[in-house]
Amino acid sequence: MTASPDTALVLFSGGQDSTVCLAWALTRFSRVETVGFDYGQRHAVELAVRPILRERISGLRKEWADRLGDDHVVKLDALAAMSETALTRDMQIEIAENGLPTTFVPGRNLIFLSFAAALAYRRGAKHLVAGMGEADYSGYPDCRDETIKSMQAALNLGMERDFTIHTPLMRIDKAGTFALARDIGGEPLLDLVIEATHSCYLGDRVHRHDWGYGCGTCPACKLRADGFARFVQEK
Ligand code: ZN
């Protein structure tokens, strides 16, 4: 199968960022598929909200429902088995001695992009859409623009393809991501992002804040709460 310039594969975790990326892709490409990765993450609730989000985002616009194609979940047991981080093991979320947060899973985004490209190759998708960004850069070297661009070059060389990796949030912080959701889909998309996406590292879907569900104290919750507060101030 040759790659279709109208088809995109979105790395869709069920979090705020990747949900906004999915909406972004649905406004641009006539066929949009999604892929999620199961790597034993402690916040596996992310995976549980994915089908709900897909269904609800389709309900926002008929055009989006027509464009949204298959969903794929790839189990990465090997990554789960070799990871010793706060996201896959029950350990404190903090800054480790190497200066990186203990939530850093070495190689994770590189592995995700490799599997996504292998899937895109088979599905005939030219475009990969991913939510990595530098603005809220929490010290993750695999979110850097240079990393993504290098990965795109390596994948195209190694697969003899012409993939384009889109990272619409590369320069946008969490406040900007809420604003982008509203720009793309108005209040209904913004409400969906707040209500149904999941960011909390601890998988808390019990405590509801104005910015959505979460424990309120883990780094992901703090980032989201802070971003929402700035978004509300600016709007
Ligand atoms: Zn949390």
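As shown above, the structure is provided for reference.
Structure report, in brief. (Residues numbered from 1 in each chain as written. Predicted model: local features only at pLDDT ≥ 70, side-chain atom pairs only at ≥ 80, totals over all residues. Heavy atoms only, no water.)

Along the backbone of the protein chain there are eight helices and seven strands. Looking at the 235 residues of the protein chain, the share that counts as buried comes to 53%. For the protein chain, the proportion of contacts with a sequence separation of at least 24, taken over those separated by at least 6, is 68%. Carbon and sulfur atoms make up 53% of the accessible area of the protein chain, which amounts to about 10700 Å² in all. (Helix = DSSP H or I, 4+ residues; strand = E, 2+ residues; numbered from the N terminus. Buried < 20%, exposed > 50% of the residue type's maximum accessible area, 1.4 Å probe, protein only. Contact = heavy atoms within 4.5 Å. Areas by Shrake-Rupley, 256 points an atom, 1.4 Å probe, with all protein chains shown as cover.)

Attention now moves to the pattern of salt bridges. The full count for this structure, using the stated rule, is 16 salt bridges. Note that Arg 123 and Asp 70 form a salt bridge whose closest N and O atoms lie 2.9 Å from each other. Of this pair, Arg 123 sits in helix H5 (residues 108-123) while Asp 70 sits in strand S3 (residues 68-75); the two residues are 53 residues apart in sequence, bridging distant segments of the chain. The partly exposed category is assigned to Arg 123, whose relative accessible area is 29%. (Salt bridge = Lys/Arg side-chain N within 4 Å of Asp/Glu carboxyl O.)

Moving on, we get to the pairing of strand S4 (residues 125-129). With respect to burial, S4 is a largely interior element, five of its five residues being buried. As paired strands, strand S1 (residues 4-11) and S4 are joined by four bridges and run parallel to one another. The residue bridging Leu 9 from the neighbouring strand is Leu 128, located in S4. Pairing between S4 and strand S5 (residues 164-166): three bridges, direction parallel. Residue pairing for S5: Val 129 is matched across the bridge by His 166. (Pairing = 2+ DSSP bridges.)

Inspection of the secondary structure puts His 127 in strand S4. Residue classification places His 127 among the buried residues on the basis of a relative accessible area of 9%. Among the polar contacts listed, one links the side chain of His 127 to the backbone oxygen of Pro 5, at a separation of 3.0 Å. Side chain to side chain, His 127 and His 166 meet in a polar contact 2.8 Å long. When sequence neighbours within four positions are dropped, the list of residues in contact with His 127 reads Pro 5, Thr 7, Ala 8, Leu 9, Phe 29, Thr 164 and His 166. (Polar contact = N/O pair within 3.5 Å; in protein donor to acceptor, adjacent residues only side chain to side chain.)

The interhelical angle for the contact between H5 and helix H6 (residues 145-159), taken along N-to-C directions, is 40 degrees, at an axis separation of 11 Å. Considered as vectors, H5 and H6 are oriented oblique to each other. For the pair H5 and H6, the sense of crossing is right-handed. Between H5 and H6, the residues in contact are Leu 110, Leu 113, Ser 114, Ala 117, Ala 118 and Tyr 121 and Thr 147, Ile 148, Met 151, Leu 155 and Met 159, respectively. Tallied by class, the residues present in the contact of H5 with H6 amount to nine nonpolar, two polar and no charged. (Axes fitted to C-alpha atoms, helices over the stretch in contact; angles between N-to-C directions. Parallel < 35°, antiparallel > 145°, perpendicular 65-115°, else oblique. Left-handed = near helix turned anticlockwise from the far one by under 90°. Nonpolar A, V, L, I, M, F, W, Y, C, P; charged D, E, K, R; others polar.)

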